[in-house]
Amino acid sequence: MSVLDDIVAGVREDLARRQAETPESDLRAALLDVPPSRDPMPVFCRTGSSVIAEVKRRSPSRGDLADIPDPGVLAAAYQRGGAAAISVLTEERRFGGSLGDLDVVRSAVDVPVLRKDFVVDPYQLLESRAHGADLVLLIVAALPGDLLDRLHDHAQELGLTPLVEVHDEPETERAVRLGAALIGVNARNLKTLEVDVATFGKLAPLVPDDVVRVAESGVTSPDDVARFVGEGADVVLVGEALVRDGDPEAAVRAMTGVTG
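Everything quoted here is computed from the prediction, not taken from an experiment.

1. A few points about the nonpolar core
Nonpolar side chains tend to gather and get buried jointly when the protein is soluble and globular. In terms of nonpolar packing, the biggest core is built from 85 residues, with Phe44, Tyr78 and Ile86 touching the most fellow members. Setting aside chain neighbours within four positions, we find Ile86 in contact with Ile52, Ala53, Val55, Ala75, Tyr78, Gln79, Val105, Val109, Val111, Pro112, Val113 and Leu114.

Below you can see the structure in the form of structure tokens.
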């Protein structure tokens, strides 16, 4: 079993528990009180790098990353630094996140918020929107058959912007055939957790010019941002480097608007 398979198995167990606690009908009722979703694409399409700054407590490869007593305070610092969107890890077992973190961040910032998790069921899309998310991550490697297509379509119906994540050429081709408007290239292989920063440069040319490209993993400094922008990135998603920085606001500012 790969690392990704193990994570998804745990996600499904936790999902079953939440489904038993909160019926789908309750989530649909909650949607009636949720403000309209925020569209991240206009900012993502601007010249120069846009930053998705991540609230991330832990990772399978690095363990505990940072003590984040109030994710809303961190997210507000990201926003002041110019972050175009805030990503919130909500996976519990490997990343130490929660929907509670998403709620706190949503109430603290005005920019779009991404729920970053391993989405494998439509219920999670309802959860995401009910908790105020504007974007949702869809990992191609975790979504076989037509499940990717169905979740992508359903996300859009709910007003969520799907960030479709790829790791290799076949996954990139699937994302392009899908018609994804926002494709993230993750330099971290989720099956082995190894990082290859050359991945983005290899896959970006396979993505049409009218699609927004996001570089994920391997971003630690403005120099890394400039390299990825030079290879075609419109957006960079940064987590570990920001949560470990003593001045996350300044760190985000230094990575924003960078040109290749």
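2. Topic: the side chain of Ser87
With respect to the secondary-structure elements, Ser87 resides in strand S4 (residues 85-89). Those residues in contact with Ser87 that sit more than four places away from it in its chain are Ile52, Ala53, Glu54, Val55, Leu114 and Lys116.

3. Focus on the packing of helix H4 (residues 71-80) against helix H5 (residues 99-108)
Where H4 contacts H5, the two axes come as close as 8 Å, and the packing angle between them is 45 degrees. The orientation of H4 with respect to H5, classified from their angle, is oblique. At the point where H4 passes H5, the crossing takes the right-handed sense. Listed contacts from H5 to Pro71, Gly72, Ala75 and Ala76 of H4 are Asp101, Val104, Val105 and Ala108. Residue classes in the contact of H4 with H5 are distributed as 6 nonpolar, 1 polar and 1 charged.

4. Considerations on the pairing of strand S9 (residues 212-216)
With 5 of 5 residues buried, S9 lies mostly within the body of the structure. Burial of S9 is two-sided: the residues Val212, Val214 and Glu216 facing one way and the residues Arg213 and Ala215 facing the other way are all buried.

5. Considerations on the pairing of strand S10 (residues 235-238)
Neither face of S10 is exposed, since Val235 and Leu237 on one face and Val236 and Val238 on the opposite face are all buried. Here strand S1 (residues 50-55) pairs with S10 via 4 bridges, running parallel. Within S10, the residue paired with Ala53 across the bridge is Val238. Here S9 pairs with S10 via 3 bridges, running parallel.

6. Observations regarding H5
Looking at H5, one finds that the buried residues are Leu99, Asp101, Leu102, Val105 and Arg106. For H5, the angular spread of buried residues about the axis comes to 150 degrees, placing them on one side. In this structure, the buried residues of H5 make contact with helix H1 (3-21), S1, H4, S4, strand S5 (113-116) and helix H6 (122-130). In this structure Ser98 caps H5, since a side-chain oxygen of it lies 3.2 Å from the backbone nitrogen of Gly100.

7. Observations regarding the sheet that holds strand S6 (residues 135-139)
The strand order around the closed barrel built from 8 strands is S1-S4-S5-S6-S7-S8-S9-S10, with neighbouring strands paired in parallel fashion. Here the average twist between neighbouring strands, direction ignored, is 25 degrees. Pairing between S6 and strand S7 (residues 161-166): 5 bridges, direction parallel. Looking at S7, one finds that Leu137 is bridged to Leu163. The sheet strands contacting H4 are S1 and S4, and the helix crosses S1 at an angle near 170 degrees.

8. Re H6
Of all the 9 residues making up H6, 8 are buried; the element is thus mostly covered by neighbouring parts of the structure. Every buried residue of H6 is accounted for by Tyr123, Gln124, Leu125, Leu126, Glu127, Ser128, Arg129 and Ala130. Contacts from the buried residues of H6 go to H1, helix H2 (24-31), H5, S5, S6 and helix H7 (147-157). Between the side-chain oxygen at the start of H6 and the backbone nitrogen of Tyr123 there is a gap of 2.8 Å, and the oxygen is on Asp121. At the C-terminal side of H6, Gly132 shows a positive phi close to 95 degrees.

Rules of the game
Residues numbered from 1 in each chain as written. Predicted model: local features only at pLDDT ≥ 70, side-chain atom pairs only at ≥ 80, totals over all residues. Heavy atoms only, no water. Core = buried A, V, L, I, M, F, W, Y, C linked by side-chain atoms within 4.5 Å. Buried < 20%, exposed > 50% of the residue type's maximum accessible area, 1.4 Å probe, protein only. Contact = heavy atoms within 4.5 Å. Helix = DSSP H or I, 4+ residues; strand = E, 2+ residues; numbered from the N terminus. Axes fitted to C-alpha atoms, helices over the stretch in contact; angles between N-to-C directions. Parallel < 35°, antiparallel > 145°, perpendicular 65-115°, else oblique. Left-handed = near helix turned anticlockwise from the far one by under 90°. Nonpolar A, V, L, I, M, F, W, Y, C, P; charged D, E, K, R; others polar. Pairing = 2+ DSSP bridges. Arc of directions from axis to C-beta. Polar contact = N/O pair within 3.5 Å; in protein donor to acceptor, adjacent residues only side chain to side chain.

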